[in-house]
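# Inside the fold
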Amino acid sequence: MPDAQIEWREDFSVGNDQIDDQHKELIRITGEFISHCQIGGVVAKVAFLTTIQKAVHYVKTHFAAEEAVMKKAGYPEFEIHKRQHEEFVNEVVRQAKMFEREDNPNPGEFSRYLMNWIVEHIADSDKKYIPYIARLDSAR
Ligand SMILES: [Fe+2]
């Protein structure tokens, strides 16, 4: 297989079931997309469109939930984190426009972007709020 696959790992966990479940969903969507990209051709093209749609839906539900938890926990890097979410949204919109215009749509590029996002964002940035949201959990 040309590209690596991605799967949920225990060390992706941020210790909050709701957020973990949403992260698992993005990883599942990305894994499926990577498999379709590996098949290529029409399969990859159709998967590109459905993945964009799923990513839009994902962004709406997940970022809102995650930002609400961070805000409630008084996470000091909230604004920086929110900006990273906005960058993700911008990229999804850019990909959607590229697909619409048939402007050399590149499913493989988007699948790599999603994979990098998971590794860099979920496994790194999201982990920084763990101590803050953990305090929130114990206060309940
Ligand atoms: Fe995040």
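See above for the structure.
An account of the accompanying structure is given in this report. (Residues numbered from 1 in each chain as written. Predicted model: local features only at pLDDT ≥ 70, side-chain atom pairs only at ≥ 80, totals over all residues. Heavy atoms only, no water.)

### Topic: the overall build of the protein
Broken down by element type, the protein carries five helices and zero strands. If you list the helices and strands of the protein from N to C, you get α-α-α-α-α. Its C-alpha atoms give the protein a radius of gyration of 16 Å, near enough to 14 Å, the size a compact globule of 140 residues would have. In the protein, which comprises 140 residues, the share counted as buried stands at 41%. Contacts spanning at least 24 positions in sequence make up 73% of the contacts within the protein whose residues lie at least 6 apart. When the accessible area of the protein is evaluated, it comes to approximately 7900 Å², of which 53% is carbon and sulfur surface. For the protein, the centre of its 18 positive side-chain charges and the centre of its 24 negative side-chain charges are spaced 3 Å apart. (Helix = DSSP H or I, 4+ residues; strand = E, 2+ residues; numbered from the N terminus. Rg over C-alpha atoms; globule rule 2.2 N^0.38 Å. Buried < 20%, exposed > 50% of the residue type's maximum accessible area, 1.4 Å probe, protein only. Contact = heavy atoms within 4.5 Å. Areas by Shrake-Rupley, 256 points an atom, 1.4 Å probe, with all protein chains shown as cover. Lys, Arg positive; Asp, Glu negative; His and termini not counted. Charge placed at Lys NZ, Arg CZ, Asp CG, Glu CD.)

### With respect to the layout of surface pockets
Volume-wise, the largest pocket comes out at about 170 Å³. In terms of lining, the largest pocket is formed by Gln84, Glu87, Tyr113, Asn116, Trp117, Glu120, His121 and Ser125. (1 Å grid on protein atoms, 1.4 Å probe; cavity = no way out; pocket = protein on both sides within 12 Å on 5 of 7 lines; lining within 4 Å. Points joined across faces, edges and corners; volume = space filled by probe spheres on them.)

### Some details on the pattern of salt bridges
Within this structure, the stated rule accounts for seven salt bridges. We note a salt bridge from Arg94 to Glu109, for which the minimum N-O separation is 3.0 Å. One end of the pair, Arg94, is in helix α3 (residues 78-101); the other, Glu109, is in helix α4 (residues 107-125), with 15 residues separating them in the sequence. One salt-bridge network, held together by shared partners, links Glu25, Arg28, Glu32 and Lys54. (Salt bridge = Lys/Arg side-chain N within 4 Å of Asp/Glu carboxyl O.)

### Some words on helix α2 (residues 41-72)
Residues spaced three or four apart along an α-helix point in a common direction, a consequence of the helix completing one turn every 3.6 residues. If you check α2, its first and last C-alpha atoms are 45 Å apart, about what 32 residues at 1.5 Å a residue would give, namely 46 Å. Of all bends in α2, the biggest is about 30 degrees, found at Val59. Gly74 occupies a position one or two residues after α2 and carries a positive phi of about 65 degrees. (Expected span 1.5 Å × (residues − 1). Bend = angle between axes of the 7 residues up to and from the residue.)

### Some thoughts on the nonpolar core
In terms of nonpolar packing, the biggest core is built from 23 residues, with Phe33, Phe88, Phe110 and Ile118 touching the most fellow members. For this core, the elements supplying multiple residues, two or more each, are α1 (17-39), α2, α3 and α4. The leading source of residues in this core is α2, at seven residues. Core analysis: the next-biggest nonpolar cluster, separate from the first, contains nine residues, Ile19, Val69, Ala73 and Tyr75 among them. (Core = buried A, V, L, I, M, F, W, Y, C linked by side-chain atoms within 4.5 Å.)

### Brief notes about the side chain of Ser13
As for its position among the elements, Ser13 is in the segment before α1. Within polar-contact distance, the side chain of Ser13 engages the backbone nitrogen of Gly15 at 3.1 Å. Setting aside residues up to four positions removed in sequence, Ser13 forms contacts with Trp8, Asp20, Lys127 and Ile130. (Polar contact = N/O pair within 3.5 Å; in protein donor to acceptor, adjacent residues only side chain to side chain.)

### Points about α1
The terminal C-alpha atoms of α1 lie 33 Å apart, and with 23 residues this matches the ideal 33 Å at 1.5 Å per residue to within 8%. Along α1, the residues that are buried comprise Ile19, Asp20, Gln22, His23, Leu26, Ile27, Ile29, Thr30, Gly31, Phe33, Ile34 and Cys37. With a side-chain oxygen positioned 3.0 Å from the backbone nitrogen of Gln18, the residue opening α1 is Asn16.

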